[in-house]
Amino acid sequence: MTEDKENVLQPQRKNSGKGARGRRRGSGPAASGGVKEGEGESGKPRRLAAIRPRISIEELRNAYKRQASTPQEEILPMFDPMAKAQESKGVTRGRTGLVYDERMANHRCLWDANYPECPERLTHTLDRCQQLGLTERCELLPPRGATEEEILKVHSRSHLYLLWNTKDEKDEEKLETISSRFDSVYVHPETYDLALLAAGSTIDLVDSVMAGRIQNGMALIRPPGHHAMKTEFCGYCFFNNVALAAQVALEKHKMSRILIVDWDVHHGQGTQQMFYEDPRVLYFSIHRYENGTFWPELRESDYDNVGAGRGRGFNFNVPLNKTQMKNEDYLAIFHQVLLPVAYEFSPELVIVSAGYDAAVGCPEFDPELVLVSSGYDAAVGDEKGEMEITPAFYAHLTSSLMALANGRVAVIFEGGYCLESLAEGAALTLSALMGDPCPKLVDPITKPSLSICESLLNLIYVQRPYWKCFQYQGSFSVHEKTNGDAGERHIPTLSYLGNATKPLKYETRNCYPVQSQEDKEKIRLKLARLKQDKPPQMFGNNRLCLVYDEAMSNHHSLSEKEHPERPERTERIWKSLKQFGIIERATILKSRYATQQELELIHTSEHVNLMTSTSLLSEQELMSMQEKYKSIYLHPKSNDAALLAAGSLLQVIDDVCSNKSLSGIGVVRPPGHHAEQDHPHGFCLYNNVAIAAKYAITHHGYERVLILDWDVHHGNGVQHAFEADPKVLYISIHRYDHGLFFPSSEDANYDQVGSGDGEGYTVNIPWNKSGMGDAEYMSAMLQVVMPIAYQYDPQLVLVSAGFDAARGDPLGGCRVTPECYGHMTRLLSSLAGGRMVLALEGGYNLSSISYCMTMCAKALLGDPLPSLEPGLVPNKNAVQSISDTIRIHKKYWTALSFQVDLPVEDVLCQGFGGGAQPVESGASGSEVSSCNVSPVSTPSTASPPYVSAPSSPDKILKNGNCMDNGASPQLVSNSERTQIDSDKMDIEVTPNPELQRSVRNRVKSEKAASASVAEQRDVKAVGNQKPFGSAGNPRMSRRKAGDQGGTGESTDHTSTPTRPSRPVKNVGLMLRAAASCAGLVKGATAIVCSENACEACSKATTQHSGSINEILKQCKELKLLQSCMRLEPRPASEEEVLSVHTKETLEGHMQKGTCGKSPCLGDLAMTAAGSFVELVSEVIQGNVLNGLALVQVSDHNRSGNQIISNNYINNVAIATQYVLDNAGLQRVLIVNCNAQYGYNTQNLFYSDPRVLMFSINLNDDPNVNKGSVDRQGEDKGLGYTFNLNLGTDSQSKSFTEGDYLAIFHQLILPVSYEFCPELILFAIGNDLVHQSPAVSPLIYSHVTQMLMPLAQGRLAVMLEVGSAMDVTKDIAAATLSALQDKAVKLLPVINENTSEVQGMVVNMISVQQATWRSLKQHAQASCNNVKKQANLPSAVLYDEQQRAVKAFDGCVTTPTHTLCLAYDEGMMEHFSYDDETHPERPERISCIFQRLQEFGIVGRCHRVKARLASAEELETVHSAKHIKFMSNLHSKKPRELQGMQNSFESIFFHRQSNNAALLASGSLLEVVTSVLKGESRRGLAVIRPPGHHAEKNEPCGFCMYNNVAVAAKHAIGTHGLSRVLIVDWDVHHGNGIQHMFEDDPHVLYVSIHRYDNGKFFPGSPDANYNRAGTKKGKGYNINIPWNKGGMGDGDYMAAMIEVILPVACQFNPELVLVSAGFDAAVGDPLGGCKVSPECYGHMTKLLSCLAGGRVIIALEGGYNLNTISYCMTMCAKALLGDPLIPLGQGLAACPSACETLNNVVSVHQKFWSALDLKSKGMPASNQKSKKTTKQSPSVDLVDKSPESPDGKTGLDEITSTLSQMSLSKEEEGTRTAGGVPDVKMEEDGAVGGASATSAEGLNTFLLTEFPGAESMYAVVPLQWCPHLELVKPVPNNSLDAFSPCEECSDLSENWVCLTCYKVLCGRFVNEHMLMHGVTEEHYMVLSYADLSVWCYSCDSYIHHEILLEAKRAAHISKFGEDIPGL
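Within any chain, residue numbers begin from 1 and follow the written order of that chain's sequence. For a predicted model such as this one, the threshold for reporting local features is a pLDDT of at least 70, and the threshold for listing and counting side-chain atom pairs is 80 or more; totals across whole chains, interfaces and linings nevertheless cover every residue. The basis for every side-chain value is the complete set of heavy atoms in the structure, and neither hydrogens nor water enter the calculation.

Caption draft 1: Broad picture of the environment of Thr1085. Where helices and strands are cited, they refer to DSSP runs of H or I of at least four residues and of E of at least two residues respectively, numbered from the N terminus. Its location among the elements puts Thr1085 in strand β20 (residues 1085-1089). Measuring from C-alpha to C-alpha, the distance between Thr1085 and Leu1379 comes to 6.7 Å, with 294 residues separating the pair along the chain. Think of a polar contact as two N or O atoms within 3.5 Å of one another; within protein, one of them needs to be a possible hydrogen donor and the other a possible acceptor, and neighboring residues in sequence only count if both atoms come from side chains. Side chain to side chain, Thr1085 and Asn1186 meet in a polar contact 2.7 Å long. At 3.3 Å, the side chain of Thr1085 forms a polar contact with the backbone oxygen of Leu1379.

Caption draft 2: Structural context of the sheet that holds strand β42 (residues 1950-1953). At least two DSSP bridges between two strands are needed for those strands to be called paired. Overall, antiparallel pairing links the 5 strands, which are arranged β43-β42-β44-β45-β46 in an open sheet. Each edge of the sheet is formed by a strand with only one pairing partner; in this case those strands are β43 (1959-1961) and β46 (1996-1997). As judged from the 2 bridges shared by strand β45 (residues 1989-1991) and β46, these two strands associate in the antiparallel manner. Paired with Cys1991 across the strands is Ser1996, a residue of β46. Contacts were defined at the residue level, with two residues in contact if any of their heavy atoms lie within 4.5 Å. In this analysis, axes come from line fits to C-alpha atoms, helices being fitted only over the stretch in contact, and the angle between any two N-to-C directions falls in the range 0 to 180 degrees. Seen against the sheet, helix α59 (residues 1968-1976) touches β42, β43 and β44 (1980-1983) and runs at an angle of roughly 120 degrees to β43.

Caption draft 3: Main features of the environment of Glu2005. Among the secondary structure elements, Glu2005 is positioned in helix α60 (residues 2004-2015). For every residue, the accessible area (1.4 Å probe, protein chains only) is compared with the maximum for its type, and the residue is labelled buried under 20%, exposed over 50%, or partly exposed between those bounds. By relative accessible area, which is 37% here, Glu2005 ends up partly exposed. Linking Glu2005 and Pro1929, residues 76 residues apart in sequence, is a C-alpha distance of 7.7 Å. Sequence-distant contacts of Glu2005, that is, excluding residues within four places in its chain, are made with Pro1929, Val1930 and Asn1933.

Caption draft 4: How the structure looks around the packing of helix α54 (residues 1689-1707) against helix α55 (residues 1733-1743). Contact geometry of α54 with α55 gives a least axis separation of 10 Å together with a crossing angle of 10 degrees. When the axis of α54 is compared with that of α55, the two are roughly parallel. Residues Asp1689, Tyr1692, Met1693, Met1696, Ile1697 and Leu1701 of α54 form the contact with α55, whose own contacting residues are Cys1735, His1738, Met1739, Leu1742 and Leu1743. Classifying every residue of the contact of α54 with α55 gives 9 nonpolar, 1 polar and 1 charged. Angular relationships are summarised with four words: roughly parallel below 35 degrees, roughly antiparallel beyond 145, roughly perpendicular across 65 to 115, and oblique for the angles in between. Polar here means any residue other than Ala, Val, Leu, Ile, Met, Phe, Trp, Tyr, Cys and Pro, which are nonpolar, and Asp, Glu, Lys and Arg, which are charged; Gly is therefore polar.

Caption draft 5: Representation of the sheet that holds β20. If you walk across this open sheet you meet the 8 strands as β21-β20-β22-β29-β28-β25-β26-β27, and the pairing is parallel. The open sheet has two edge strands with one neighbour each: β21 (1124-1127) and β27 (1281-1285). Within the sheet, the average angular offset between the axes of one strand and its neighbour, ignoring direction, is 15 degrees. Relative to strand β28 (residues 1319-1324), strand β25 (residues 1228-1233) runs parallel, the two sharing 6 bridges. Residue pairing across strands places Cys1233 opposite Ile1324, the latter belonging to β28. Lying over the sheet, helix α43 (residues 1338-1347) contacts β25, β28 and β29 (1355-1360), oriented at roughly 170 degrees with respect to β28.

Caption draft 6: Helix α25 (residues 818-828), seen in detail. Of all 11 residues that make up α25, 11 are buried, and the element is covered over most of its length. Those residues of α25 not exposed but buried are Pro818, Glu819, Cys820, Tyr821, Gly822, His823, Met824, Thr825, Arg826, Leu827 and Leu828.

Caption draft 7: Summary view of the packing of aromatic side chains. Working definition: a ring pair exists when centres of Phe, Tyr or Trp rings (six-membered ring for Trp) sit within 6.5 Å. Plane angles under 30 degrees give stacked, over 60 give edge-to-face, the rest tilted. Under the counting rule described, the total for this entry stands at 40 aromatic pairs. Seen in terms of ring centroids, Phe314 and Trp467 are 5.6 Å apart; in terms of plane orientation they differ by 75 degrees. Their pairing is edge-to-face. Centre to centre, the rings of Trp767 and Tyr777 are 5.6 Å apart; their planes meet at 65 degrees, and the pair counts as edge-to-face. Taken together, the positions of Trp767 in strand β16 (residues 762-767) and Tyr777 in helix α24 (residues 774-792) put the pair 10 residues apart, joining distant regions of the chain. The two residues Trp767 and Tyr777 agree in class, both being buried. An aromatic cluster of three or more residues is present, and its members are Phe284, Phe314, Phe316, Phe345 and Trp467. Geometrically, a lysine NZ or arginine CZ counts as sitting over a ring once it is within 6 Å of the ring centre and also within 35 degrees of the ring normal. Directly above the ring of Tyr1766 sits Arg1491, whose terminal nitrogen or CZ lies 4.0 Å from the centroid.

Caption draft 8: Looking closely at unusual backbone geometry. In this structure, Pro670 follows Arg669 across a cis peptide bond, with omega equal to 5 degrees. Here the amide bond leading from Phe1657 into Pro1658 is cis, since omega sits at 5 degrees, within 30 degrees of zero. The topology assignment puts Pro1658 in the loop between β34 (1643-1650) and β35 (1677-1682). Positive phi outside glycine occurs at Asp737, with the angle close to 50 degrees. Looking at where Asp737 falls in the secondary structure, it is placed in the loop between β15 (728-735) and β16.

This is the structure:
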């Protein structure tokens, strides 16, 4: 084990400093070389400290020196988790209580002597208990009657009085009549008194348990109670005994967690109903159901009834849908559901409704307290239960519950009607309560029935939204196509065949099943075989035997006194056993030496002789000899000690196997499980446990021995000894770390199952990371160990009890508590009749191992165990390990039958689904969940140290055990849950909107209930928000009769609340909007028009009859109408017209201007206005997503022969006023493309800030045109009117599509995103269309698409039909295609804008920038009049004739699928061997795919088959040398791979890396092929490893092959494309893509990335804005480099709209590829930016306007699993055409982003005319200087801070400053002459686009290049941690930052302890500070390298004002000055 340190492979990391490139070469081993075993590694890359438990012996010396010098009695436990073990001292097993009263036998049926519920049930049971001698061993409790007050706690007064009235009633007929009113009830004159007696006795029993007078107990009572309801007798029951006792316990003892287990074969509906909404009571019922046909035939008995309100998730029904269920079926229920949930719930009391009617022969089938409704009608022979549970099995069920609730278990007698089976089952239950060993199960355990498997999977499906323990069933989408492997999938169904009708009168005689004599005889014979022939064996003081010999302490290291395996280990254990009184309660055995014959049962004679010879060797010879072996030391007395260890253990085996003792413990050393047959190994000389197992087989004749090895190191020696022997089942739970943890052998992996006859008898459960705790070990026990062990049925259980996985162990690095070892021991004690032997193996923390072994001893003695922490949930890594083990072993062990995938959709239409809850991927799940224990608690998906979440004391108080109201955390319902970590959300969604509708009302009510705490908790996405206007306009939509409309997709288009306006304070809030849009899917498109008009009216307007009919005809031919929803046109109402017009105008149309000719019959203008209002109304109600209104406007109306002109009706204004008045909208955007009429609408809303209007005019009226630019609105509406003229001379008609695009890109879109409209009205006027013949109709499709991302897609387009009919119908078809998200042809190529429009745009920016920040900080804010380059980019030069307008001839070939998806789990096989928390980890793609499933997206996609890219395809961008290098990786060993990866920048290698990389590239190529062949319109590739950093000749930055570059070359070379656009929005510059295409004019590469003036990865000047390409590719490379962190939505949208879209439209690509890295997203640990998921959706939607919609998204970076899953989901929804969540109001770029965009424009306007607006009149004050500091980046600070009103920079600002500042002494130019850094003040805050204040982004900072350390990740420090109290004042107010390590004098990487101020080296030197922190519990340390502070306990960086003193002292020492700004 000493080699563990050398076995650790250190990862290279993607860093944020460019200096790493120079250092990496030659820093590691040669690429082809490895590291020899046992040798250290040179040139280890450094990284900041984090806890690493693999520690060598040399580094332990100092810790053990201190421990050895401290008197043993003064040593305190190292960790708080030992407190529970300490408190259990003196807590021993109490007596078992028993309450009964023979008078209860008086209750009988007077009219039917054969009634099953008969007195003999009680008398037979009592007789059997007395025969077995059980009653005299119990504490007999006096029975008593319940009081009226007690009964009324759960029953009504009328219910009580009804039964009271029957008291002493002598009229038998009257009693029978009363009985007939109730189901299965008879009433006796004494029933009232006896029912009170039963209830009172139950209450007293529970009260005695809770008061501690007894340990547990059983109530043998009748009549039973669990069917009794509040106001109704039922099923032999009158008062609900269990419910009464539970209610009293809740009130009297203030209980908050009670577990009721009801195993009666009949469902206890009465108990269920009473606690259905109470989260304090978890009710678990196992009952016969048979799809509702078995009594009580209630629908509420099925599995989907999970509770209601706050009790939702706390009701479990296990419906048994067939008879003859056996022991294995009930075992599966306990192991798969009940026990995992119980350990997560952690009850305080367990109550068992113990019915025994499921037993053989029956004819029917951190809790604080456990109550058992103990019905025995499932037992063998019960004629009611018809199940086959053997009586002995009830003892096993009871035993498993006794480990819960500190042993507080109360069993309440319920059903059971086969007298023999009932009596036997009840007696053995009582025996188990008294601690007797569980009897042997006669029948073997086989595979659970198919029926129970289905029932349990159904139950897990509905409960896993509430309980995190259900992690072992995968997820799938029902929409996915299968490949014939659907056998591993299960789709829950519901089937109710019962009769819910209640009769007026129930039968009272012969109403029960009767068995035949033949059946009775069979049952009698079976019971005779099963019946116990003698009382349970009484062991008394012989329950436990112990062996120990001090002579074993003679074995110690000659050279290392502080060696971990030292004599004090056994000495401390023995002392602890004495202190806890264990020794005096146990039998102490005499030790002995093992004989050579016994040793040779396992070992070779040569090995034995060699070890014997060691006693004759000198110390020098011994030290020389020990070097030949791995982790071995030898002493002259070593062999004697080893012989004593092996022989003493055999003494225990003899004592247990001869039944002298029930169990035993061998406190022995040296350990043994590593020792091989022919040599010692890993501290072990002889294999003690292997010898003991073989001895039990050969000397005691055992055939089945189970060895459980829970030592943290794999027991290689034991496995090798028995891997071919089926007589020994070896199960090991150990750390493996992918083969890097000692003993570092692949034999320890889960796929090693044994060989030969022993195949399947070796079971390895390998942990692949540190930090595993109680949750993980208990999960392994319940999911794997116990199911296999019960099926194996061992005769003896041996435990290799190493305790080096315990908390505080220096070698194990895990977190198992002592009480967890006790619980595991208790679970195992039910096997082999209790014959169990523990043998000490490892464990090297003296405090930990002493408490651990003591807890195991107490478990074997039957003492109550401390409860484990609530919320036990295994982490993600453990779940994977356990799942892998199950997958391998389920073919050997049929008990492992539950690893089946379940659907993510709500297939039951009841609000279930969504997949298993994500769990913590970092530390132990028990650690994470300890303060959040509800079944709806929220996990974390981040992995420290890369992502750390802020925490605060108030959050801990709310979620911990000290809530203000005294209630426990379980009482906090889902809707009231406060979030612990806003970064780490578990957001559940219902992906299928059609399945949502049945739960709409429930979801709304739950959301209303949670509104008060919505800002504090994680949200559950439902997607059912109320649409705008749904309450404001009750009028139903008017649709034409018989017109179905719709698109085939859901038309239930709903809206979500607008995302909170800036500032947004945390990640959780920024993800909430994305989480809430699961049900927000693409809705229908409506069309409204009046195609019927009289000939006169039509001709008067259009000079062509029936123009609307022509439009409809063309749209129909193009198949555009079939998916539209047709609305009925209507005239506008008087109220609607008068809202904007005068009464005179109205009268002119309604009275004078009515056309009376058919089919007109009305005014066309009125119909036009009303129809547009109708369309708008449908849009805002959510009935349609968008729509088109074709209106035929006439400026004439006829009254007789009189023509009335100038009675214009303003359709847009009427519709706008309508939504403002009726729908309550606050932000409406109007885009009016009309040559004449814009002013009318402007005037109506000129002072209204609710309406933002853009009027695009073409008017030659000089009065109108004069000063039009200055028309901005007035009063509150100032700035909300934009008057845009395309030209002053309408006759020239010279404006182009480029003019339209310039207006939209530079004005409309930036301002609209800042405005954030709720509705868009787009009016296309006839005159403008008629007068713009040079403009292609396709431009209207394009601009429509650009508007659709806004306002959640709520867009109403009005097209005025006029004289230009041919053009109009083309525009209508193009616009309708865009609204339906149909593919259209590419736009004609645009080269430049007209000068008039350029000037107008620049002037408008100048005029309006005072109102709009998006214009003030605009990409054109400092544009220069640069002379355009003569030769524009050659690839886009076209003959002018190609720009001629063509008639719109429809969409391009309609693809079969909207979106194709590529994903393959094979890409997850690439991962880091040595750093599982590496950011680029496999879960990145799996979490994305899961989120896509949850949102129902996978089912809507076409899945393309993943494939490997070929060498030929790769060679289009990569060299053959690189491809060959990658292909050789699979043959390398891990050590060789480590040496190779150190030669590259931020790369790790795995044997499967090349295969995964080939899959990534090949899958993307398949997506490209699908899109370009017309099979799919768009594509999504969820692939890894990423690619954009990969260079031609080498991998780089996590990237192997350049996936997107390969795809681009494939599109050009294979599919013949000539223009491909690549947009790279990964936060890191895509150096690889740029270098591959920088001279290629066929590829336009645009990258938005962090640059930080060259300090951000990859740290190359190639990423700067001035790199525009080379040779023919000059101008085709555009870099948009951010020079600071914190960039958000405003910055990215500005770059997209103002730079990328203009250039892209001019480039006119044929395909758009997106290198979609999401590491600029909010919460990402590397990026340090704050882009929201919905912003990525908007960018995707805008790009979809290009290339005819052919857009492909390919995953690159992004390392916050939660965030990237939402980001990719938003992109997918955008590609599918779903409406998008609005971005926040006030969206604008920050000054730093504006400066970057200005620089980009200044460089590229010479290449792209779309960027050259020729600055006119821009104020100088707004022009930013383009001068940048080359040597040192300036430090951006804010001038206003809430924390610093005086203008001084506070601590938060200092931290933010560090992101831009180098602390290197050697770097020049970093300070001014005065020593203060050059500071540049910004006007509007540091976080662009995310907040206008400085409060944003304060948690994230970038650790840049520091002396002596590798550049680091961006990290998110905690703002508070509980260990800040350990920080002491700085001694003498000074520190020496250049002090050497006080232990080893190293100077390279030192830390100072902030408690004692010792200076020690870091983890990459000798780890002395790590050891100091662990052993002294001084957790807070400060790095002298970068002045960061780390907490060893929290595993995170910390940032708090308390630390400022130490940081300042270190800064002054290191740099000679105080921290700048202080």
